[in-house]
Amino acid sequence: MWLKLFFLFMYFIVLFVLARIFEAVIWYETGMFATQLVDPVALSYKKLKTILECRGLGYSGLAEKKDVSKLVEQSGELTQGELYSAITKEKEQTEAGDSSSTLFSGEMHFYELVEDTKDGIWLVQVIAQDREALLSQSNWGKMVQKVSQFGIRTGTFNCSNDHRSCIKRGWRRSTLIMSAPQTSASKGKVMLKEYNGRYIETEHIFRWMTSHVAHRIKTLHQSEQLMEEWRPDPAHPIKMFLFARLSQPPAFFSSLSVKFTGRIEFIFVDVRHWDNQSSLSEIGVTHSPAYILKMPEGIYRYGNSTGEFLSLAAMDTFLRSVQPEVNDLFVLSLVLINLLAWMDLFITQGATVKRFVVLIRTLGTYNSILLVSWLPVLALLQLPYLDALYGYSLKLLRYADTTTLASLVRADWTFYSSHPALFLSTYLAHGLLVDYFEKKRRCGTRSQEDSTTNLEWLASLWDWYTSYLLHPIASLQQFPSDHSDWEDDPNFFFERLAFPDLWLRPLVDLDYMKELPTWRLRPVDQQEEDKDGSLSDPENSEVSESPPAGPSRRPHSSSQEGSASSRSSSRSESSPPAHRSVGGGDLAPHSVCNHHQQCDWSVWPCEMLLCSECVVCLENFVSEELLMGLPCGHAFHQQCIVVWLAAGRHCCPVCRWPSYKKKKQRAAHSSSVEKTLVD
């Protein structure tokens, strides 16, 4: 988890540095920065119209270039970044063609999207029954393209689909209907306005729409009104002021007032005939036009930092960062958590199919945890006792979002969101670098699983799932004693069918390894010296309790040691019977622990088959080595069999008997062997 967080943080740093490199390249080629101001008089008439269309100002009655440039100056300062963004956006719209428009199927569809939404502006073309549309298909496409850049949604309602609804609403002829929230309150009533103009050109219809939306914004003409609105207001702590010499605010400013209804109050100050200029100086407004964000922490002049253009997208990003809602934070966390999950595709080593299976598992896990985590957060936000904490959090966020670094981050967010191909290509390149460094880091400790092919890994995955479906999990039940039955319970089969475990966890919990018998092999000479009166160690005559390698090892119980010693007292200490050998061939009458000492078979557990060789490493047992036995009766080096079992192979290397399942017939076999030894 921390490794993925580190790589994701490094990716964000790469994006930040890459954006600064792009700015340096543009400055080197053109000698201009994005924040450098542009004189509108020096621009062509076409570029000036492009700027006015992006800001949402009408220019139909302006025939001369100087009038158009003056209107640009009155609406706000123009920067190189805004000019480049406007020209690029116009080219993209031209290449993309008509924007998408909703086709309403009936009254309920219209009510759900237009009247019940209450947080947006709609322009709907109503086509009367057996009549032609008010706008032709080409003009309607231009209208859709023009209003969509200001967040205005469009649709078509054909009365032939629901004639009764059109009669009920009074739509007896083809017309245009605009819907917008009637009040500044959140989720307020929606008003429907019908276009009654004589001209059906795009520019006239757009001017009609913007004039109606501008009426929602509070307009100030006198200094007394301004001072009244400038006072702190607990009901509206955040206010966005526009000081300009315009008859009405630009369309992007009016559209934002609808999007931020209930969060930010938008106020337009018309200074064309201002009666008291000193009142503007008192509040810090030295020139117009000016976009001022008034907060409890102070005022912020929008447009002086990087990426703060006079457009809908740029100001929307700025206001969302200053006064976010819960949905904005959820979307941001969703993007970050999925970027974090996709890092698993490059960190995971091995077959390609394995990478994608791990990726799907991680995506499902992370998104499920995210959704579950947001539920208590939403519940806590409803509590009135946390309003103070929520207010302090927003205050801290506003302090951070009005810094220069925050403006650079917002500019980079706008840049990469408008160029998704660049964002995806950089993420892929970063992921390939992560994959390369992970291979280098694991080159010395690469496991056999990392080198498997796709078919081999799929085969192992299928074997894993089928065996996991049919066998019990050892950790879900207590490990049985020596006298309990280990037979397969048919209930396990139905439990697996009812609740299959799709998360890629190990087949069997490794806790069962704590109960496997372990002992230390002793030579005969050492035991004889202890019996002759040398310093005796009582532990040497018992089964050793040394745990297997691993942090969770528990020693074998002393009662089991005593029983093992008592059961093996009837056997010879140096000459075990040859018919009990396994894995290492027939044992000679005097098998050895090493080249000079004979083995003391009295410490060997009675339920274990006698052998002199570990079939995992193919080496003979040596004195003082720690051994471990499996339920089937075969013994191995403790370290060898632990590595074998921990790798997921939960079966005996010799007979393939499950290592977590006791072999019931061993009891009868042990009694017959002991009887043979007595005879």
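Further up the page is the structure itself.
Please read these numbers as outputs of a predicted model, since none were measured by experiment. (Residues numbered from 1 in each chain as written. Predicted model: local features only at pLDDT ≥ 70, side-chain atom pairs only at ≥ 80, totals over all residues. Heavy atoms only, no water.)

(A) Quick peek at the overall build of the protein. When helices and strands are counted, the protein shows 24 helices and 15 strands. Taking all 679 residues of the protein together, 42% fall into the buried category. For the protein, the share of sequence-separated contacts (at least 6 apart) that also reach a separation of at least 24 residues comes to 72%. Total accessible area on the protein is roughly 36,800 Å²; 58% of this is exposed by carbon and sulfur atoms. (Helix = DSSP H or I, 4+ residues; strand = E, 2+ residues; numbered from the N terminus. Buried < 20%, exposed > 50% of the residue type's maximum accessible area, 1.4 Å probe, protein only. Contact = heavy atoms within 4.5 Å. Areas by Shrake-Rupley, 256 points an atom, 1.4 Å probe, with all protein chains shown as cover.)

(B) Here's a closer look at helix α1 (residues 2-30). For α1, with 29 residues, the first-to-last C-alpha span of 42 Å sits near the 42 Å given by 1.5 Å per residue. Within the sequence span of α1, burial applies to Lys4, Phe7, Leu8, Tyr11, Leu15 and Ala19. Immediately beyond the C-terminal end of α1, within one or two residues, lies Gly31, with a positive phi of roughly 75°. (Expected span 1.5 Å × (residues − 1).)

(C) Representation of a nonpolar patch on the surface. Together, Leu3, Phe6, Phe9, Met10, Ile13, Val17, Ile21, Phe22 and Val25 give the surface a local cluster of nonpolar side chains, amounting to about 740 Å² of exposed area. Relative to the elements of secondary structure, Phe22 occurs in helix α1. (Patch = residues over 30% accessible without salt bridge, like charges linked within 9 Å, V, L, I, M, F, W, Y side chains within 5 Å. Salt bridge = Lys/Arg side-chain N within 4 Å of Asp/Glu carboxyl O.)

(D) Main features of the sheet that holds strand β3 (residues 153-158). Pairing is mixed across the open sheet formed by 5 strands, whose spatial order is β1-β3-β2-β4-β5. Here the strands that pair on one side only, and so sit at the sheet edges, are β1 (102-104) and β5 (190-194). Across the sheet, the axes of successive neighbouring strands diverge by a mean angle of 25°, strand direction being ignored. Sheet topology note: the strand β2 (residues 122-127)/β3 ladder contains 6 bridges and is parallel. Opposite Leu123, over in β3, you have Thr154 as the bridge partner. Its contacts with the sheet place helix α6 (residues 137-148) against β2, β3 and β4 (175-181), and it is angled at close to 145° to β3. (Pairing = 2+ DSSP bridges. Axes fitted to C-alpha atoms, helices over the stretch in contact; angles between N-to-C directions.)

(E) Expanded view of the sheet that holds strand β8 (residues 265-270). Here we have 5 strands laid out as an open sheet, ordered β6-β8-β7-β9-β10, and mixed in their pairing. Either end of the sheet is taken by a strand with one partner, and the two such strands are β6 (218-220) and β10 (298-302). On average, adjacent strands in this sheet sit at an angle of 25° to one another, irrespective of strand direction. Pairing between β6 and β8: 3 bridges, direction parallel. Across the sheet, Thr219 pairs through a bridge with Phe268, a residue of β8. Across the sheet, helix α10 (residues 251-259) lies against β7 (239-244), β8 and β9 (290-295), angled at about 150° from β8, the strand it touches most. Lying on the sheet, helix α12 (residues 312-322) is in contact with β7, β8, β9 and β10; it crosses β9 at an angle near 15°.

(F) Spotlight on the environment of Lys89. Here Lys89 lies in helix α4 (residues 80-96). Of the residues examined, Lys89 reaches a relative accessible area of 33% and is grouped as partly exposed. In this structure the C-alpha to C-alpha distance between Lys89 and Ser418, which are 329 residues apart in sequence, comes to 9.6 Å.

(G) Expanded view of the pairing of β2. Across the 6 residues that make up β2, a large majority, 6, are buried. Along β2, one buried face is formed by Trp122, Val124 and Val126 and the opposite face, lined by Leu123, Gln125 and Ile127, is buried too. Of the strand pairs in this sheet, β2 and β4 are connected by 5 bridges, and their pairing is antiparallel. Bridge pairing links Trp122 to Ser179 in β4.

(H) Representation of the environment of Ala400. Position of Ala400 relative to the elements: it lies in helix α16 (residues 387-401). By relative accessible area, Ala400 is classed as partly exposed at 42%.

(I) Here's a closer look at the state of the cysteines. For the structure on display, the rule yields 1 disulfide. The disulfide partner of Cys159 is Cys166, and the gap between their sulfur atoms is 2.1 Å. Around the S-S axis, the bridge from Cys159 to Cys166 shows a dihedral of about -95° and counts as left-handed. Across the pair, exposure class does not vary: Cys159 and Cys166 are buried alike. Between Cys617, a free cysteine, and Cys640, which holds the nearest cysteine sulfur, the sulfur-to-sulfur gap is 3.8 Å. Judged by relative accessible area, Cys617 falls into the partly exposed class, the value being 28%. (Disulfide = S-S within 2.5 Å.)

(J) Layout of unusual backbone geometry. With an omega of 5°, the peptide bond running from Ser288 to Pro289 counts as cis. Locating Pro289 in the fold gives a position in the loop between α11 (277-282) and β9. With phi around 60°, Asp130 is a residue other than glycine that occupies positive phi space. One non-glycine residue, Leu618, lies in positive phi territory at about 60°. The topology assignment puts Leu618 in the loop between β12 (613-614) and β13 (619-620).

(K) Summary view of the packing of helix α17 (residues 404-418) against helix α18 (residues 420-441). In contact at an axis separation of 5 Å, α17 and α18 are set at 95° when each is read in the N-to-C sense. With respect to their mutual orientation, α17 and α18 come out roughly perpendicular. Along the contact surface, α17 presents Phe415, Tyr416, Ser417 and Ser418, while α18 presents Pro420, Leu422 and Phe423. Considered class by class, the residues forming the contact of α17 with α18 number 5 nonpolar, 2 polar and no charged. (Parallel < 35°, antiparallel > 145°, perpendicular 65-115°, else oblique. Nonpolar A, V, L, I, M, F, W, Y, C, P; charged D, E, K, R; others polar.)

(L) Representation of the packing of α1 against helix α13 (residues 326-342) within the structure. Contact geometry for α1 and α13: axes closest at 9 Å, N-to-C directions at 115°. Here α13 runs roughly perpendicular to α1, going by the angle between their axes. The element α1 and its partner α13 pack so that their crossing is right-handed. Contact residues: α1 offers Lys4, Leu5, Leu8 and Phe12, while α13 offers Leu336, Leu339 and Leu340. The residue makeup of the contact of α1 with α13, split by class, is 6 nonpolar, no polar and 1 charged. (Left-handed = near helix turned anticlockwise from the far one by under 90°.)

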